[in-house]
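# Architecture and fold: a report
So you can see what is in the structure, the chains are spelled out below.
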Amino acid sequence: KNGLEVDKTKDENLRYVGANPNNYLKFNNEIWRIIGIFNNITSIDENDKEMKESLVKIVRNDSLGNYSWDTSESSINGGWGVNEWSQADLMYELNCDGSENSKYCRSDIGAGYLSNLTSGTTYWFNGSNNSKNGTYDYGKNIKSKSIDKVAIVRWNLGGATYGASALNSYNQERSTTLISTPSDNVPRNNTWDGKIALIYPSDYGYASTNTACRDNMNSKTNDVYNCKNENWLFNSANQWTLLPASGDASSVFAVTLQGYVGGGIAYYTCRVRPVLFLKSDVVIAGGTGESIENA
């Protein structure tokens, strides 16, 4: 089946489920897809005022490319990266708008996915020991008129364990079970405020109509192929999620090519599909949600 379904979390979010529901959206003159409507999201306006809202969450249909979640010099976690999103290389690459003194930019990432560049290329991090050889095309950037539609929200960064169900993962994402004494001495945060992030493991689990998948997203033998066959968020390749593992300083969860949710070292290269929330005053003009191919 394909369609809309209220999840079984405490927030009772409305999600698109199945192999190919009608959740296509034209945004930034590209094809994106609607993950669902999420309740109790903390948004932050330009005056730093916080409010709880129900917001539409969307994901880019195609990835931007294959890049590291984070990497580091060899003296830090053996060059494997740090699983803390607020300082991750990918966070800066996705959120740097090119503004001077922006907290989302740094000296070696002065213009990223949210900058006003519309042509040319740069290099993003893509390997251990701070390797930076992954070509990125600024033509994939979000254009300024579309950036204005993106909400600044509070993303949860709770650490997780392996073998979690979609519901347990959702709760872990909102927990404080982060690694307590990281070897890299980088403080771990429970939340991060910003515009662009990644899917959660729970997003992937709840997008599937396969019960075995939702009950154990890490299963490598139980209905793993049914999980990906009945899941529109599967992208035919390894793709990063936002969630760090709670057991060590470098592991991050990813949706694997095989269809299950597993752990990967932060420096690994996986597909990057940006995720964002639309501001509450953004209106979807119309349409049925069908893809161009199906329309």
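A brief report on the enclosed structure follows. Note that residues are indexed from 1 along each chain, following the sequence as it is written. Where local features are concerned, this predicted model is filtered to residues with pLDDT of at least 70; where side-chain atom pairs are given and counted, the filter is 80 or more; whole-chain, interface and lining totals use all residues. Water and hydrogen atoms were dropped before computing side-chain values, which therefore reflect all heavy atoms in the structure.

### What to know about the pairing of strand S12 (residues 251-255)
Along any regular strand the residues' side chains alternate between the sheet's two faces. Using a 1.4 Å probe on the protein chains alone, a residue whose accessible area is under 20% of its type maximum counts as buried, one over 50% counts as exposed, and one in between counts as partly exposed. Each helix is a run of DSSP H or I of at least 4 residues and each strand a run of E of at least 2, with the numbering of both proceeding from the N terminus. With respect to burial, S12 is a largely interior element, 5 of its 5 residues being buried. Because side chains alternate across S12, one face comprises the buried residues Ser 251, Phe 253 and Val 255, and the other comprises Val 252 and Ala 254, equally buried. Pairing between two strands requires that DSSP report at least two bridges joining them. Of the strand pairs in this sheet, strand S11 (residues 239-244) and S12 are connected by 3 bridges, and their pairing is antiparallel. Counterpart to Gln 239 in the pairing with S12 is Val 255. Between S11 and S12, which pair antiparallel one after the other, the connecting turn spans 6 residues. Across 5 bridges, S12 lies against strand S13 (residues 261-265) in antiparallel orientation. Its bridge partner lying in S13, Val 255 is registered against Val 261. Adjacent in sequence and paired antiparallel, S12 and S13 are bridged by 5 residues, among which Gly 259 carries a positive phi angle near 110°.

### Focus on the packing of aromatic side chains
The geometry of an aromatic ring pair comes down to the distance between the two centres and the angle between the two planes. Between rings of Phe, Tyr and Trp, where Trp is taken as its six-membered ring, a pair exists when centres lie within 6.5 Å; planes separated by under 30 degrees are stacked, by over 60 edge-to-face, and by other angles tilted. As enumerated under the stated definition, the model contains 12 aromatic pairs in all. When the ring of Phe 38 is compared with that of Phe 277, the centres are 6.1 Å apart and the planes differ by 90°; the resulting orientation is edge-to-face. Taken together, the residues Phe 38 in strand S4 (residues 30-44) and Phe 277 in strand S15 (residues 275-277) connect sequence positions 239 residues apart. Assessed through its relative accessible area of 2%, Phe 38 is described here as buried. Their ring planes at 80° and their centres at 5.1 Å tell us that Tyr 267 and Tyr 268 sit as a pair that is edge-to-face. Owing to a relative accessible area of 38%, Tyr 268 belongs among the partly exposed residues under this scheme. Feature note: the residues Phe 38, Trp 155, Tyr 200 and Phe 277 constitute an aromatic cluster, connected by ring pairs. The criterion is that NZ of a Lys, or CZ of an Arg, lies within 6 Å of the ring centre and within 35 degrees of the ring normal, and then a charge sits over that ring. One residue, Arg 174, lies across the ring of Tyr 170, its end atom 3.5 Å from the ring centre. Across from the ring centre of Tyr 200, 5.9 Å away, lies the NZ or CZ of Arg 174, which sits over that ring.

### Regarding the pattern of salt bridges
The salt bridge definition used is simple: a Lys or Arg side-chain nitrogen within 4 Å of an Asp or Glu carboxyl oxygen. Within this structure, the stated rule accounts for 11 salt bridges. With its nearest N and O atoms 2.6 Å apart, the salt bridge here joins Arg 106 to Asp 108. Taken together, the salt bridges that share partners define one network made up of Asp 7, Arg 15, Lys 57 and Asp 203.

### Focus: the pairing of strand S9 (residues 153-156)
The two faces of S9 differ: Val 153 and Trp 155 on one face are buried, but Arg 154 and Asn 156 on the other face are not. Of the pairings in the sheet, the one linking S9 to strand S10 (residues 191-194) comprises 4 bridges and is antiparallel in character. Counterpart to Asn 156 in the pairing with S10 is Thr 191.

### Comments concerning the environment of Ile 196
With respect to the helices and strands, Ile 196 occurs in the loop between S10 and helix H4 (201-207). We classify Ile 196 as buried; its relative accessible area is 0%. Separated by 79 residues in the primary sequence, Ile 196 and Val 275 have C-alpha atoms spaced 5.7 Å apart. When residues no more than four places from it in sequence are discounted, the contact partners of Ile 196 are Trp 85, Leu 94, Asn 95, Tyr 113, Leu 114, Ile 142, Val 150, Pro 274, Val 275 and Leu 276. We call two residues contacting when some pair of their heavy atoms lies within 4.5 Å.

### Focus on unusual backbone geometry
Of note, Glu 12 is a non-glycine position whose phi angle comes to about 50°, a positive value. Within the element layout of this structure, Glu 12 appears in the loop between strand S1 (3-6) and strand S2 (14-17). Glu 12 gets classed as exposed once you look at its relative accessible area, which sits at 54%. Of note, Asp 48 is a non-glycine position whose phi angle comes to about 65°, a positive value. On the secondary structure map, Asp 48 appears in the loop between S4 and strand S5 (50-60).

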